[in-house]
Amino acid sequence: NAGVTQTPKFQVLKTGQSMTLQCAQDMNHNSMYWYRQDPGMGLRLIYYSASEGTTDKGEVPNGYNVSRLNKREFSLRLESAAPSQTSVYFCASSEVFGDEQYFGPGTRLTVT
Amino acid sequence: QKEVEQNSGPLSVPEGAIASLNCTYSDRGSQSFFWYRQYSGKSPELIMSIYSNGDKEDGRFTAQLNKASQYVSLLIRDSQPSDSATYLCAVIFDMRFGAGTRLTVKP
């Protein structure tokens, strides 16, 4: 039982490049979330999926898109990376929306 | 704007003491509150959830909620060096996290 997994663990991009961060959970949770964490700013919600087939914007959605591929998988895409998107990205899931969340190990992204 | 505020610390306590971590929030409609612990370079892990006014105890941890005053706190009894981490308060009305309080427990 792996919980929440994320790939890749580390990534370096040049400005303007695109990439997709992958997230999967094996806890049969309905809701999934993407956060970014910057020093001194805590976790900020980028997008979430309350249930399979739905996605909604969070606090900081600009520059990102998401896809809820199925109940297990929720991906985050950066279409044209910018240095301001340098951050640590966490995926999380919960049984129902707003309930206790369980986090993946994170992806450390640097955009140069 | 809805806010979750925590004292960033660092908070330093001696081993065996009680560590007290506080969090205030601005949205009176908030119903669910969580405390997470995050070790340096790791992901947040859930410690406690609390939904009703009053205290909730789990081992050495006690969460306290006062909705009228809009604060939630976490007490860690018999603090251990292994408790040294950043503690994040989360208010799950609109998925807002505080910036975290860094706790250091000195042997």
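See the structure printed just above.
Given the structure is predicted, the values throughout are model-derived calculations rather than measurements.

(A) How the structure looks around the packing of aromatic side chains. Applying the stated rule across the entire model yields 12 aromatic pairs over all chains. Consider the rings of Y36(B) and F97(B), whose centres lie 5.6 Å apart with planes at 45°: the pair is tilted. Of this pair, Y36(B) sits in strand β4 (residues 33–38) while F97(B) sits in strand β10 (residues 96–97), and the two are 61 residues apart along the sequence. Using a relative accessible area of 0% as the deciding quantity, one classes Y36(B) as buried. When its relative accessible area of 7% is taken as the criterion, F97(B) is described as buried. Ring-pair connections join several aromatic residues into one group, and the members of that group are Y33(A), Y35(A), Y48(A), F90(A), F97(A), F103(A), Y36(B) and F97(B). Lying across the ring of F61(B), R60(B) places its NZ or CZ 5.5 Å from the centre.

(B) A look at the interface of chain B and chain A. Taken together, the contact pairs 18 residues of chain B with 19 residues of chain A. Contact with chain A buries area across many residues of chain B, yet P44(B), M95(B) and F97(B) alone supply 37% of it, more than any other trio. Where chain B meets chain A, there are one salt bridge. A salt bridge links E59(A) to R96(B), with the nearest nitrogen and oxygen atoms 3.3 Å apart. Sorting elements by how many residues they give to the side of chain B that touches chain A places β4(B) first, with three residues.

Rules used throughout
- Residues numbered from 1 in each chain as written.
- Chains lettered and ligands numbered in written order.
- Predicted model: local features only at pLDDT ≥ 70, side-chain atom pairs only at ≥ 80, totals over all residues.
- Heavy atoms only, no water.
- Phe/Tyr/Trp six-rings, centres within 6.5 Å; stacked < 30°, edge-to-face > 60°.
- Helix = DSSP H or I, 4+ residues; strand = E, 2+ residues; numbered from the N terminus.
- Buried < 20%, exposed > 50% of the residue type's maximum accessible area, 1.4 Å probe, protein only.
- Lys NZ or Arg CZ within 6 Å of the ring centre and 35° of its normal.
- Contact = heavy atoms within 4.5 Å.
- Buried area = accessible area lost by both parts, 1.4 Å probe.
- Salt bridge = Lys/Arg side-chain N within 4 Å of Asp/Glu carboxyl O.

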